[in-house]
Each structure stands twice: as structure tokens, then as C-alpha cells.
Amino acid sequence: MNFELTSDQKMLAQTVRQFTKSKSPVERFRKLREAGVPWERDVWAHMGELGWLSVPFPEDVGGFGAGFVEVAIIAEGLGKTLVPEPFIASVVLGGMALLGAGNAAQHEQWLSPMIDGTTSLALGYAERGSRYDVSAVATTASRDGGGWKISGEKIFIPNGHEAENIVVSARTPDGVGLFLVAADGPGVTRDKIKTIDGQGAGRLRLDGASIGDDRRLGDPGDGSIAILEHVLDYGAAAACAEGLGVCQATLDMTVAHLKERKQFDVPIGSFQVLQHRAVDMFVEVELMRSMSILASLAVHDDDPVARKRAISAAKVTLSTGGRAVTRESLQLHGGIGITDEHDSGLYFKRMLVLDTLFGDEVHHVERFASLPSFAEG
Amino acid sequence: MDLSFSPEDETFRQEVRDFIATALPEDLKAKADIDAPFPMEDTMRWHKILYAKGWVAPQWPKKAGGPGFSATKRFILTEELELAGTPPLSPFGLVMVGPAIMQFGTPEQQQRFLPQILNGEETWCQGYSEPEAGSDLASLRCKADEDGDDFIINGQKTWTTYAQYADWIFCLVRTDPSVKKQAGITFILIDMKTPGVDARPMLTIGGTPAFCDTFFDNVRVPKANVIGKVNAGWTVAKALLGHERTLLALVGNSRRTLRRIKHIAAETAVGDSTLLEHSEWRGKIARLEIELEALKMASLRVLAGAELGQAPGPESSILKLRGTEINQRLYELAMEVMGHDALSWYNDAGVVPDAEQGIAPNFCYTRANTIFGGSNEIQKNIIAKWILGLPASK
Ligand SMILES: Cc1cc2nc3c(=O)[nH]c(=O)nc-3n(C[C@H](O)[C@H](O)[C@H](O)COP(=O)(O)OP(=O)(O)OC[C@H]3O[C@@H](n4cnc5c(N)ncnc54)[C@H](O)[C@@H]3O)c2cc1C
């Protein structure tokens with residue numbers, strides 16, 4: 001047992017810190033949000049140069065072949081300053097879906113340019129009313145000559161408003177299949193959904209969209225569902241790391257405020273009732289950190305029960321802890337925390353999105369309790 | 001990063017399980033299975049069995065008669081013992097005064113006391129708290145006046161766990177009332193048979209006399225029984241608190257209780273299904289299991305750090321806080337799951353099923369977890385000051 005980062009991993013964390021400090025502090029996100037710009041291509045390309053977009057992919061597709069710990073290091077760092085580039089959406093969701101379901105030619109054509117930061121990807125699985133069930137797919141794909149025609153609607157696609165290509169699930173006569181839809185393809189319309197955290201999401205309407213068979217990722221059927229479930233677990237593990245970054249930053253900011261803000265002639269941090277609430281936040285952050293470590297190690301587990309158990313436990317910890325931390329932060333800041341101008345509100349809102357993405361608390365409690373490990377343990 | 005235990009550690013875990021399976025006497029196992037309380041004789045019987053195996057003091061170094069275990073082996077042993085529900089050993093000798101004597105005692109004191117702690121021939125209790133000195137321990141008043149080679153002790157200690165059974169008590173006493181309160185305290189060992197010592201048991205809400213009021217009336221104690229220097233007792237006491245803290249995560253104990261709750265829930269019918277399948281109940285149970293999982297991961301982080309020789313990081317301070325809360329909440333849940341069956345109280349055999357007897361007393365005892373060893377409020381004060389760096393409280 002060992003929870004030490006290797007020297008390479010420590011260096012990666014250091015590089016991420018330098019990047020966020022010099023290139024993307026919270027003010028950058030704030031400016032982009034005000035300008036209505038989701039994220040910037042040159043920054044994405046820079047992340048590609050730094051090798052961050054290659055981290056979880058094997059070397060034969062141009063990846064770095066690292067484990068998920070590296071993904072978590074990057075996601076946590078980006079979370080601390082709310083970097084808006086679509087790291088999780090493109091690398092972890094779109095990228096891992098394409099990696100898992102696609103073949104070598106497809107990897108070459110669509111994964112490689114994402115890895116070097118030229119393009120970005122996304123994953124559209126959610127539909128109106130599907131909540132977090134990846135098999136609740138009403139979108140259909142039917143054979144059309146040598147290709148496919150896809151019809152349906154996908155909502156709340158992280159980076160779906162910007163990605164060149166979007167992995168989409170659709171029901172075929174042989175079960176649910178995965179297809180790579182070009183955002184500018186015929187029969188495809190997309191809109192930007194504005195979201196509470198200011199990062200936005202995509203809505204995709206597919207109206208008999210023609211898709212070549214070269215864009216079919218693997219064979220429709222149970223295998224596609226298993227891949228989707230695994231990809232969402234990767235997403236959840238990454239969300240745990242990003243949420244940890246969000247909450248650590250929130251805690252640090254709150255503790256600093258408690259030391260600086262004076263009322264009744266003393267720092268408000270000298271009031272015991274606030275001290276204890278800050279300690280409660282600290283405890284939550286340490287538990288989230290512990291579970292984020294578990295998630296990043298267990299997400300590769302070959303045993304799907306062990307994997308799902310760990311990921312669901314980590315995601316529940318993220319939801320309960322993250323909500324508590326970001327909401328307490330607003331209270332402990334007082335009026336300033338309610339202004340749009342203050343960063344605590346930005347963290348609070350981002351946390352809400354991470355809480356919901358890839359399955360909320362109730363969903364994961366239920367999944368945890370449905371696994372054979374629950375009744376046996 | 002790597003979450004797995006080494007093959008040697010896994011082998012050791014199996015060895016511990018096999019040992020418990022053969023060495024735990026039948027009658028103790030029967031009590032463990034239904035969470036029945038263990039009287040002191042049971043505890044000491046098990047102490048001696050573990051002593052014979054060489055495992056009674058896993059945290060003691062080899063030269064003091066311990067097994068010289070790594071942090072991981074200690075963790076595994078504790079976890080397996082807790083999971084099996086074996087009698088929890090009295091910590092006062094093994095975990096508190098023993099290590100203090102090792103660190104601050106003279107060679108003579110070490111030879112005199114350590115072997116007897118290890119083999120269980122002498123049992124200990126802790127005389128810190130007083131009626132007027134609880135969380136503010138340094139304000140203690142029980143005094144020791146010099147008289148030649150002796151001290152004469154007068155005063156009262158309270159909440160002294162199992163003082164009625166103890167051969168010795170380690171006390172913090174006031175030796176200099178004229179200085180800053182922490183500076184005038186001495187750590188001293190007192191033979192409970194000395195004339196003038198009187199331990200009066202008190203009934204706890206758990207229904208047994210688990211602690212005492214302990215009175216000292218002109219008790220004569222040789223100066224040779226002082227550990228460390230006269231008036232330097234606060235240093236000894238603080239060092240000892242460090243030993244105590246890591247113990248209190250109670251992960252194994254809580255996992256065992258959780259297992260028991262699931263077992264009961266799986267056997268309790270609601271409609272044509274069971275409580276364990278009922279969505280609200282299983283949600284409640286699953287949430288606590290998840291919290292326990294997070295606590296376990298936090299303990300493993302502390303453990304992995306200890307293996308690398310690192311000082312316990314910030315995560316260690318959360319273990320007592322969360323570990324005690326989760327343990328309490330598990331017993332609350334056990335009570336809820338059992339419904340009326342949880343309400344029976346020390347009935348004669350045959351009136352209610354034996355399996356229902358243990359939960360209610362344990363539920364009551366666990367209320368103490370967040371009070372002793374530095375209450376959870378005091379733990380929060382410590383974290384606020386030393387980890388978050390918040391200003392002195394108003
Ligand atoms: C079952 C049990 C066994 C025990 N065994 C022993 C033993 O063997 N030997 C021994 O010496 N002692 C023992 N104790 C005593 C234990 O250490 C004390 O109960 C503990 O230190 C608290 O002191 P108190 O009971 O006087 O409570 P108080 O200190 O009066 O505390 C009352 C309440 O006020 C809170 N409080 C106090 N100060 C502060 C503060 N500064 N900030 C915020 N909140 C505060 C506390 O957290 C608590 O909630 C035992 C206690 C129990 C319950």
C-alpha cells in the first residue's frame with residue numbers, strides 16, 4: 001500500500017499549479033464567462049503540447065500510457081481555478097468512449113487530433129427523461145445503405161456546444177450502439193444550453209442525420225452499454241478529483257476570509273462556532289481527498305462490482321461533502337458571498353454541476369446498494 | 001500509488017483469522033456473536049491468550065517485549081480483532097502508561113512495570129479527570145505534598161474507568177500551585193492497595209459500573225513512582241495523547257456493527273420483502289457504509305504515511321472525530337432497524353432472544369466515544385488552531 005505520488009506525478013502537479021497560476025487563474029474564467037466565450041483554442045492547444053490530453057491513452061494511439069492518477073492530478077488542479085477547457089468532457093468522456101469502442105483507424109483519425117489539442121470531443125448519452133440511465137436511449141439509428149440514419153435528441157452534453165465530434169448513443173435493432181457524430185454533419189443541429197456554472201453544455205438534435213459506417217464505434221449491443229457505464233465511471237472519478245480541487249480552493253478561501261474579516265473588533269475566525277464549521281469543511285475535504293484517491297485507483301479495476309462500488313462511494317462522498325463545503329462557504333462569507341463578484345459563488349455553482357453529472361447522490365447510493373457486494377458485506 | 005496490501009501482509013491477515021478461530025474460547029465467541037458486554041475477567045482472559053501468542057502489545061517495540069510489527073501489521077491485527085468482536089483490551093496499561101514509561105521512565109521503572117503490563121498480571125486505570133477538571137484538564141487540583149522520599153496525595157479523580165478492578169493508577173497531580181497551571185503538574189504511579197485510596201463505582205447509562213469516583217485521603221506514594229521529572233507531568237501527558245488518537249477510528253468495530261445491522265435487516269420482514277430490500281432502509285444503511293468506506297480510506301492514508309516514517313498528516317486528526325461519530329450513528333441505526341426489539345434491557349435468559357440483548361447497552365456506551373480522550377469539540381478546537389491556523393477563540 002502506498003499513496004505517495006511518484007516524482008513524475010509530483011512534477012505534473014507542479015506544472016498544473018504553475019499553469020493555473022500564470023495562465024488561468026479564476027479571473028480568466030470570469031472574463032470568458034462575461035464575454036460568452038466557452039473556452040479558448042490556443043489554451044487547449046497548449047494543454048496538448050504539455051501532453052495533458054494524452055495522459056490516459058495508450059502509447060500506440062499517441063497517448064502517454066499513464067494511469068488515472070495523472071488524470072486526477074490534472075482535473076484537481078484545473079478545478080482549483082475553474083479552468084473552463086473541456087478536459088473531462090473531451091479527454092475522459094469523448095476520448096475514453098472513442099478509445100474503448102473504436103478501432104485503430106478511428107483512433108488514428110479522431111483521437112489523435114484531440115490528443116494534440118487540435119480538436120475536441122464530447123459524449124452525448126443523456127436524453128430528456130433518461131436521468132442517469134445509460135440504457136434509456138430513445139434516439140434511434142437505422143441502416144441506410146452503407147451508412148446510418150440517426151434521429152433523436154441529446155441534452156446537457158459537456159462540451160457538446162464546441163466539440164467537432166460527439167460520441168452519441170442510439171438504439172439499433174441489435175441494441176444500443178455508439179456513433180461518432182460530426183457536429184457540422186447533415187441533419188445535425190446543435191444549440192448551446194447555458195448552465196448554472198457558466199460553462200454551458202450542448203444540445204444535439206439529430207433529424208435523420210446521415211452517418212457513415214466508418215463512424216460506427218464497435219458493434220451495437222450489451223458491449224456498448226458496458227463501455228458507456230465504464231466511461232461514466234471514468235467521468236465520475238475525474239469529477240471527484242475536480243470537485244476536490246473546487247472544495248480545497250473553497251476551504252482555503254473561506255479560512256483566509258475568517259482570518260481577515262473583522263467584526264466586533266476581532267477576526268470572525270476567532271468565533272468558535274465558525275471555527276467548528278470550518279473544521280467540518282476541512283473534514284469533508286479530507287474525506288473527499290481519500291475517496292478521490294480510491295476512485296482514481298479503482299476505476300481500472302477489472303472486476304466491475306469492485307469498480308462500481310468504489311466509484312459510487314466516491315461520487316456520493318463528492319456530492320454530500322461538496323455540497324456541504326460550498327454552501328458553508330457562502331454562509332461564512334456573509335453578504336459578499338452572495339455577490340456574483342465573489343469567487344465563492346463560482347465554486348458553489350461548479351460544484352452543483354459536478355454533483356449532478358454522471359449520477360447524483362441518490363443514483364449512486366442506489367447503485368451501491370444494488371451491487372452483490374452490499375448484500376454480502 | 002497502490003491500494004493493495006502486500007502478499008506477506010495478506011498472509012498475516014489470514015494467520016490472524018486462523019488464530020482467532022482457534023484461540024477465542026467458545027463462551028467468549030458466543031458473547032461476541034451477540035455483542036454481549038465482556039466483564040473484566042473475560043477481557044483479562046483474552047489478554048493472557050494474546051500475550052501467550054506474543055500479540056498483546058502490537059505497538060510495543062521488540063526490546064520491550066512487543067512483536068515489533070510494522071504499522072500495517074498493527075493495523076491488520078487491530079482490524080481483524082475488532083471485526084471478530086473479541087474483547088477489547090484495557091488500553092490503560094498497553095496503550096497509555098506502558099508507552100509513557102518506555103519514553104520517560106527510568107530503567108528500574110521499566111523493569112518493574114512493563115513486564116506486568118504485558119503479561120496482564122497487573123491492570124491499570126487512568127486518573128486524570130476531576131470533578132472540576134474535565135476538558136480543561138490542566139486546572140486539576142488533586143495535590144501531592146512532599147514528605148521526605150514520599151508524596152502525600154489528597155483529592156479526587158472521577159470517571160476513572162475500571163478503577164475498582166485496577167492494581168495501579170497513573171495520575172496527574174498538582175505539585176506546584178504557584179506557577180502557570182500546566183507547569184505545576186506531575187505524572188505519578190499509585191498502587192491502588194495503598195491505604196487512603198478508595199474507588200467507588202458508578203453506574204453508567206450502559207447499565208454497568210464502568211467507571212468510578214476515586215478518592216485519595218493522605219495517600220503516601222514514594223517519589224520513585226514519578227514518571228519523568230517532578231512538575232513535568234504535562235509533557236508526559238501530552239505525549240501519551242498522541243498514542244491514543246490513532247486508535248479511535250474504530251473502523252473494524254464499525255464494519256462489524258454494519259455487518260450485524262445488515263444481517264438483522266435481511267431477516268426483518270416488511271410486507272413481503274425485507275428491510276434490507278426496502279429502499280429507504282437500504283439507502284440509510286448504504287450511506288453509512290459509504291461514510292465508513294471514506295473513513296477507512298483516510299485511515300489507510302495515515303497508515304501508509306506511517307509506514308514511510310512520516311509524521312501523521314492533517315488527515316489523522318479527522319479519524320477520531322469521524323470514527324466516533326460513525327460508530328455512534330451505526331448503533332443509532334441498529335436501534336432503529338430493530339424497532340421494539342431494541343428496547344429490551346438486561347432481561348433474564350429466555351425472556352427475549354439473546355441476540356437482542358447487546359445492542360441497547362452498546363448504543364448507550366457509544367455516546368461516550370465523542371466525550372472521552374478529548375471530546376470532539378476539543379478536537380475541533382485543536383484542528384482549528386493547529387491545522388487551519390485560526391485565531392484564538394473568543
Ligand atoms: C465513559 C467514560 C470513561 C472515561 N474514563 C476516564 C478515565 O478512565 N480516566 C479519566 O481521567 N477520565 C475519564 N473520562 C473522562 C473524560 O476524559 C472527560 O469526560 C472529558 O475529558 C470531558 O470532560 P468533562 O466530562 O468534565 O466535560 P466538560 O469538559 O465539562 O465538557 C462538557 C461539554 O462542554 C464541551 N466543552 C468543554 N470545553 C470546551 C471548549 N473549550 N470548547 C468547546 N466545547 C467545550 C465539551 O466538549 C462537552 O461537550 C471518561 C469519560 C467517559 C464518558
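Each chain carries its own residue numbering, running from 1 in the written order of its sequence. Lettering for chains starts from A, numbering for ligands starts from 1, and both go in the order in which the items are written. Local features in this predicted model are restricted to residues of pLDDT 70 or higher, and side-chain atom pairs are both shown and tallied only at a pLDDT of 80 or more, whereas totals for entire chains, interfaces and linings draw on every residue. Side-chain calculation: all heavy atoms of the structure are included, whereas hydrogens and water are not.

In DSSP terms, a helix is any run of H or I states spanning at least four residues, a strand is any run of E spanning at least two, and both are numbered starting from the N terminus. On a plain count of helices and strands, chain B comes out with 12 helices and 10 strands. Throughout, radius of gyration means the C-alpha value; the globule benchmark is 2.2 Å times the number of residues raised to the power 0.38. Computed over the C-alpha atoms, the radius of gyration of chain B is 22 Å, within 12% of the 21 Å expected from 2.2 N^0.38 for a compact globule of 394 residues. Each principal axis of the C-alpha atoms in chain B carries an extent, and together these give about 75 × 55 × 50 Å. Categorising residues by exposure relies on relative accessible area from a 1.4 Å probe, with only protein chains included: less than 20% of the type maximum marks a residue as buried, more than 50% marks it as exposed, and the intermediate range marks it as partly exposed. Within chain B, the fraction of its 394 residues that count as buried is 52%. Intrachain contacts of chain B at a sequence separation of at least 6 include 71% that bridge at least 24 residues. Accessible surface area values rest on a Shrake-Rupley calculation with a 1.4 Å probe, where residue burial reflects the displayed protein chains alone. Accessible area for chain B stands at about 17700 Å²; split by element, carbon and sulfur atoms hold 54% of it. For the purpose of counting charges, residues Lys and Arg are taken to be positive, whereas Asp and Glu are taken to be negative. His and the chain ends are not included. Positions of charges follow a simple convention, taking NZ of Lys, CZ of Arg, CG of Asp or CD of Glu. Separation between the mean location of the 42 positive side-chain charges and that of the 50 negative ones in chain B comes to 6 Å. Working rule for contacts: check all heavy atoms of both residues, and any pair within 4.5 Å makes them a contact.

Below, the discussion takes up the packing of aromatic side chains. By convention, a stacked pair of Phe, Tyr or Trp rings (six-membered ring in the case of Trp) has centres within 6.5 Å and planes under 30 degrees apart, an edge-to-face pair has planes over 60 apart, and any other such pair is tilted. Using the criterion set out here, one finds 20 aromatic pairs over all chains in the structure. Their ring planes at 55 degrees and their centres at 5.5 Å tell us that Trp-39 of chain A and Trp-44 of chain A sit as a pair that is tilted. The burial state of Trp-39 of chain A is the same as that of Trp-44 of chain A; both residues are buried. For the pair Phe-113 of chain B and Trp-124 of chain B, a centre-to-centre distance of 5.6 Å together with 70 degrees between the ring planes defines the contact as edge-to-face. Here Phe-113 of chain B is found in helix α6 (residues 107–119), whereas its partner Trp-124 of chain B is found in strand β1 (residues 124–127), with 11 residues between them in sequence. Judged by relative accessible area, Phe-113 of chain B falls into the buried class, the value being 3%. Linked through ring pairs, Phe-113, Trp-124, Tyr-128, Trp-168, Phe-170 and Phe-187 of chain B together constitute an aromatic cluster. The rule is short: NZ of Lys or CZ of Arg within 6 Å of the ring centre and within 35 degrees of the ring normal puts a charge over the ring. Sitting above the plane of the Trp-281 of chain B ring, Lys-284 of chain B keeps its charged end 5.3 Å from the centroid.

Here we take up the domain arrangement of chain B. All names here are of chain B. The domains assigned to chain B are domain 1 (7–89), domain 2 (124–232) and domain 3 (248–386). The centre of domain 2, based on its C-alpha atoms, is set 32 Å off from the matching centre of domain 3. Facing the seven residues of domain 2 at the interface are eight residues of domain 3. We define buried area as the total accessible area lost by two parts upon association, computed with a 1.4 Å probe and summed across both. For the pair domain 2 and domain 3, the two sides together bury roughly 480 Å², of which 61% comes from carbon and sulfur. How far each domain reaches was decided by an automatic or database domain assignment.

Below, the discussion takes up the interface of chain A and chain B. Tallying the contact residues gives 46 residues for chain A and 45 residues for chain B. Both faces considered, chain A and chain B share a buried interface measuring about 4300 Å² in area, 68% of it formed by carbon and sulfur atoms. The largest share of the area that chain A buries against chain B comes from Met-1, Phe-3 and Phe-374 of chain A, three residues that together contribute 18% of it. One speaks of a salt bridge when a side-chain nitrogen belonging to Lys or Arg is within 4 Å of a carboxyl oxygen belonging to Asp or Glu. Where chain A packs against chain B, one counts seven salt bridges. A salt bridge links Glu-284 of chain A to Arg-322 of chain B; the nearest nitrogen and oxygen atoms lie 2.7 Å apart.

Residues separated by three or four positions in an α-helix point in the same direction, a consequence of the helix having 3.6 residues per turn. Val-26, Arg-28, Phe-29, Arg-30 and Leu-32 of chain A are the residues of helix α2 (residues 26–35) of chain A that are buried. Looking one or two places after α2 of chain A, you find Gly-36 of chain A, whose phi comes out positive at around 75 degrees.

What follows is about a nonpolar patch on the surface. Residues and elements named next belong to chain B. Residues form patches when they are more than 30% accessible in relative terms and have no salt bridge. Like charges link within 9 Å. Nonpolar side chains (Val, Leu, Ile, Met, Phe, Trp, Tyr) link within 5 Å. Taken together, Ile-382, Trp-386 and Ile-387 make up a surface patch of nonpolar side chains, about 320 Å² in accessible area. One can find Ile-382 in helix α12 (residues 376–387). By relative accessible area, which is 36% here, Ile-382 ends up partly exposed.

This next bit is on the site of the ligand. Surrounding the ligand, one finds 18 residues, the nearest of these being Gln-272 of chain A together with Ser-135, Thr-161, Ser-375 and Glu-377 of chain B. Throughout, the term near means that a residue has one or more heavy atoms lying within 4 Å of the molecule or strand in question. Chains contributing residues to the immediate surroundings of the ligand are chains A and B. Two N or O atoms form a polar contact when they lie within 3.5 Å of each other; inside protein one atom must be a possible hydrogen donor and the other a possible acceptor, and for residues adjacent in sequence the pair counts only when both atoms belong to side chains. The contact in question runs from an oxygen atom of the ligand to an N or O atom on the side chain of Ser-135 of chain B, over 2.6 Å. Within the side chain of Asn-381 of chain B, an N or O atom sits 3.1 Å from a nitrogen atom of the ligand. In isolation the ligand offers 970 Å² of accessible surface; the protein chains occlude 66% of this area. Breaking the shell around the ligand down by element, the ones donating at least two residues are β3 (150–161) and α12 of chain B. Across the shell around the ligand, the residue classes break down as eight nonpolar, nine polar and one charged. Both domains that meet at the shell around the ligand, namely domain 2 (124–232) and domain 3 (248–386) of chain B, each give it at least three residues. Here the term charged refers only to Asp, Glu, Lys and Arg, the term nonpolar to Ala, Val, Leu, Ile, Met, Phe, Trp, Tyr, Cys and Pro, and the term polar to all other amino acids, Gly among them.

Let us now look at the nonpolar core. Buried Ala, Val, Leu, Ile, Met, Phe, Trp, Tyr and Cys residues that are joined via side-chain atoms within 4.5 Å together make up what is termed a nonpolar core. In terms of nonpolar packing, the biggest core is built from 197 residues, with Phe-187 and Leu-189 of chain B touching the most fellow members. It is helix α7 (residues 222–260) of chain A that provides the largest number of residues to this core, a total of 19 residues. Membership of the second largest hydrophobic core comes to 19 residues, among which are Cys-142, Ile-169, Ile-188 and Val-221 of chain B.

Residue and element names in this part refer to chain A. Their axes nearest at 9 Å, the elements α7 and helix α8 (residues 272–298) cross at an angle of 160 degrees. Considering their axes alone, α7 and α8 lie roughly antiparallel with respect to each other. The element α7 and its partner α8 pack so that their crossing is left-handed. Contacts between α7 and α8 involve Ala-237, Cys-240, Ala-241, Gly-243, Leu-244, Cys-247, Gln-248, Leu-251, Thr-254 and Leu-258 from the first element and Leu-274, Ala-278, Met-281, Phe-282, Val-285, Met-288, Arg-289, Ser-292 and Ala-295 from the second. For the contact of α7 with α8, the per-class residue count stands at 14 nonpolar, four polar and one charged. Only the stretch in contact is used when a helix axis is fitted, and all axes are lines through C-alpha atoms; the angle between N-to-C directions ranges over 0 to 180 degrees. Put simply, angles under 35 degrees are roughly parallel, angles over 145 are roughly antiparallel, angles from 65 to 115 are roughly perpendicular, and the rest are oblique. Throughout, a crossing is termed right-handed when the near helix is turned clockwise from the far one, and left-handed when it is turned anticlockwise from it by less than a right angle.

Residues and elements named next belong to chain A. Looking at the assigned domains, one finds that chain A contains domain 1 (7–120), domain 2 (123–220) and domain 3 (223–376). If you average the C-alpha positions of domain 1 and of domain 3, the two centres end up 21 Å apart. Taken together, the 22 residues of domain 1 in the interface contact 28 residues of domain 3. Where domain 1 abuts domain 3, roughly 2000 Å² becomes buried across the two surfaces, and 72% of that area is made up of carbon and sulfur atoms. Sorting the residues of domain 1 by area buried against domain 3 places Arg-30, Phe-68 and Leu-82 first, and these three jointly supply 28% of that buried surface. Linking domain 1 with domain 3 are three salt bridges. Residue Arg-33 is joined to Asp-340 by a salt bridge in which the shortest nitrogen-to-oxygen separation is 2.7 Å. For the pair domain 1 and domain 3, the interface holds seven residue pairs in polar contact (both at pLDDT 80 or more). Here the side of domain 1 that touches domain 3 takes eight residues from helix α4 (residues 68–80), the largest share from any one element. Looking at the side of domain 1 that touches domain 3 residue by residue, the classes come out as 14 nonpolar, four polar and four charged.

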